[in-house]
2 protein chains.
Amino acid sequence: MKAKVYVTLKSGVLDPQGKAIAGALAALGFDGVNDVRQGKYIELDLAETDEAQARAQVEQMCRKLLANTVIENFRVELA
Amino acid sequence: MKAKVYVTLKSGVLDPQGKAIAGALAALGFDGVNDVRQGKYIELDLAETDEAQARAQVEQMCRKLLANTVIENFRVELA
C-alpha cells in the first residue's frame, strides 16, 4: 500500500524558505505572487495492506519522525 | 488563487534523503517499509484569478525555478 504524507508549517510559523522562493520568483519577473509556503512531500511504500492499520502506522511515523508537531501539520493520504 | 506544486524525483534517480528516512524508520522499529521517496510541496498564493493563466504561470515558475526538470517531475493543482 502506498502512502503520501504532506508536512506543512503551521500558520503563523515563519517560513524563510518560502520567503526566499517568493524573492527569487519576483527577481525572475513573476509578478502577483502574494505568498509562498514550502512544505515536504513524502511517499511511503508499505507492506501493510489493511487501510486502517496502514493509516495508524503512518500517523505514528509522522508523530515520531516525519513531522515536528510543535510547528508542523501533517496530512496522510493512502492509495 | 491558490496553487499547490508537488515536486518529485524521477524514478531511477537516487534519493539519499528518502533512504535516510527509511533507515531512521527501521531504527525506530517500524517494519514493513519497502521504500521512501522525499519530494517538495510548495503552496503559492497568486493574484491571478483566471485558472488557465494561473496554471500557465505556475508551470513556467516550475520550469524556471521550482523544479530541476532534468531529475524532477512536477505536478500543479489549483484551488
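Residues numbered from 1 in each chain as written. Chains lettered and ligands numbered in written order. Predicted model: local features only at pLDDT ≥ 70, side-chain atom pairs only at ≥ 80, totals over all residues. Heavy atoms only, no water.

Counted only if it meets this: UniProt positions are given in the numbering used here, feature names are shortened, and annotations may be inferred rather than shown by experiment.
Going by an unreviewed UniProt entry, chain A carries the name Phosphoribosylformylglycinamidine synthase subunit PurS and comes from Hankyongella ginsenosidimutans. Per its UniProt entry, chain A bears the Sequence similarities (unreviewed entry) comment "Belongs to the PurS family." Its UniProt record gives chain A a comment under Subunit (unreviewed entry), which states: "Part of the FGAM synthase complex composed of 1 PurL, 1 PurQ and 2 PurS subunits."

1. Brief notes about the relation of the copies chain A and chain B
How we decide: Here the copies are superposed with least squares, the fitted atoms being C-alpha atoms of residues at a pLDDT of at least 70 in both.
If you rotate chain A by 180° and push it 0.0 Å along the axis, it lands on chain B with an RMSD of 0.0 Å. Viewed as a symmetry operation, the transformation between the two copies matches a two-fold axis. Considering only C-alpha atoms, the part of chain A nearest the rotation axis is Lys40 of chain A, at 2.4 Å.

2. What to know about the interface of chain A and chain B
For clarity, the threshold we go by: Only heavy atoms matter for contacts: two residues are in contact if any of them lie within 4.5 Å across the pair. Joining two parts hides part of their accessible area as seen by a 1.4 Å probe, and the buried area is that hidden amount summed over both. Salt bridges are identified by distance alone: a Lys or Arg side-chain nitrogen within 4 Å of an Asp or Glu carboxyl oxygen. Under the rule applied, a polar contact is a pair of N or O atoms within 3.5 Å (in protein, one hydrogen donor and one hydrogen acceptor; residues adjacent in sequence only if both atoms are side-chain atoms). Here a helix means four or more residues in a row that DSSP labels H or I, a strand means two or more in a row labelled E, and each is numbered from the N terminus.
At the junction of the two partners, chain A supplies 31 residues and chain B supplies 31 residues. Taking both partners together, chain A and chain B bury about 2,800 Å²; carbon and sulfur atoms supply 64% of that area. Our count for the contact surface shared by chain A and chain B stands at zero salt bridges. Where chain A touches chain B, the interface holds 12 residue pairs in polar contact (both at pLDDT 80 or more). When residues of the side of chain A that touches chain B are assigned to their parent elements, the largest contribution, 14 residues, is made by strand β2 (residues 33-46) of chain A.

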